[in-house]
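Overview (structure and organization)
Letter by letter, the chains look like this.
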Amino acid sequence: MAVNRKQQIVEAASKSFSLFGYKATTMDQVAKLANVGKGTIYTFFKNKEELFDEIVTSLINEMKKEAEVVIDPQESFSENVHRALFRLLEFRKEHKLTIKLYQEAREIGTPAVSEVIDRMEKAVIEFLSHRIEKAIASGAIKPCNPEMTAFIMLKLYVSLIFDWERAHGPLDKDEISNLFELYLIKGLSAG
């Protein structure tokens, strides 16, 4: 029964954070949505921050699973990185909580939300860094700083999917893949 109540609370809080954002969510709202007394929440979580942390940790684990599922060992390093990044950014665009968190960070700048976005970005960079280290070890790519390379890959994808789209319209998956290949895998030099 206790696990069930805790799950009810987590689901209600996730719904509240998705609808109202972190700053506007109260423990009273969560209790009402979960159909439990506010005191019940405090038997599982010390405060709103701890509850939020639990939800974000689950969200990051879900993101990692989404990226893992599209990796194909038969494909090239660049194709797999492209697939993983594209899936992660699709997830970010589809998932109600991530949409609300990015909106709140942009519009209000809530420190707790900014920290969470940094944490999600670090998780993506860690995921990519690990793949880059493996690719270096296997000779698929030349030696480089895995963390910096992962950071650049992520920022290029974010720019192509979100920033470019605002001014020029969306690029399709193949266009993004081709640009990724051109700029990061092959490079621009003619020689």
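Details of the structure are given in the entry above.
Residues numbered from 1 in each chain as written. Predicted model: local features only at pLDDT ≥ 70, side-chain atom pairs only at ≥ 80, totals over all residues. Heavy atoms only, no water.

When its secondary structure is counted, the protein shows nine helices and zero strands. The order of α-helices and β-strands along the protein, N terminus first, is α-α-α-α-α-α-α-α-α. Once the C-alpha set of the protein is aligned to its principal axes, its extents read approximately 70 × 35 × 25 Å. Per-residue burial for the protein yields a buried fraction of 40% across its 191 residues. A separation threshold of at least 6 residues defines the contact pool for the protein, and within that pool the share at least 24 residues apart is 62%. Counting only carbon and sulfur atoms, one obtains 53% of the accessible surface of the protein, whose full area is about 11,100 Å². Taken as two groups, the 26 positive and 28 negative side-chain charges of the protein have centres that lie 5 Å from each other. (Helix = DSSP H or I, 4+ residues; strand = E, 2+ residues; numbered from the N terminus. Buried < 20%, exposed > 50% of the residue type's maximum accessible area, 1.4 Å probe, protein only. Contact = heavy atoms within 4.5 Å. Areas by Shrake-Rupley, 256 points an atom, 1.4 Å probe, with all protein chains shown as cover. Lys, Arg positive; Asp, Glu negative; His and termini not counted. Charge placed at Lys NZ, Arg CZ, Asp CG, Glu CD.)

The full count for this structure, using the stated rule, is 13 salt bridges. One salt bridge in this structure joins Glu 79 and Arg 83, with 3.1 Å as the shortest N-O distance. One end of the pair is Glu 79 and the other is Arg 83, both in helix H5 (residues 77-94) and four residues apart, which spans about a single turn. With relative accessibility at 23%, the residue Glu 79 sits in the partly exposed group. Between Glu 90 and Arg 87 there is a salt bridge, with the nearest N and O atoms lying 3.2 Å from each other. With Glu 90 and Arg 87 both in helix H5 and three residues apart, the pair spans about one turn of that helix. For Glu 90, a relative accessible area of 29% gives the class partly exposed. (Salt bridge = Lys/Arg side-chain N within 4 Å of Asp/Glu carboxyl O.)

A cluster of nonpolar side chains, namely Met 148, Phe 151 and Ile 152, defines an oily patch on the protein surface of about 280 Å² accessible area. Assignment of secondary structure puts Ile 152 in helix H8 (residues 146-168). (Patch = residues over 30% accessible without salt bridge, like charges linked within 9 Å, V, L, I, M, F, W, Y side chains within 5 Å.)

With 56 residues, the main nonpolar core has Leu 51 and Leu 85 as its most contacted residues. When residues of this core are assigned to their parent elements, the largest contribution, 11 residues, is made by helix H7 (residues 111-138). With residues up to four places along the chain from it excluded, the contact list for Leu 85 reads Val 124, Leu 128, Met 153, Leu 154, Tyr 157 and Phe 180. (Core = buried A, V, L, I, M, F, W, Y, C linked by side-chain atoms within 4.5 Å.)

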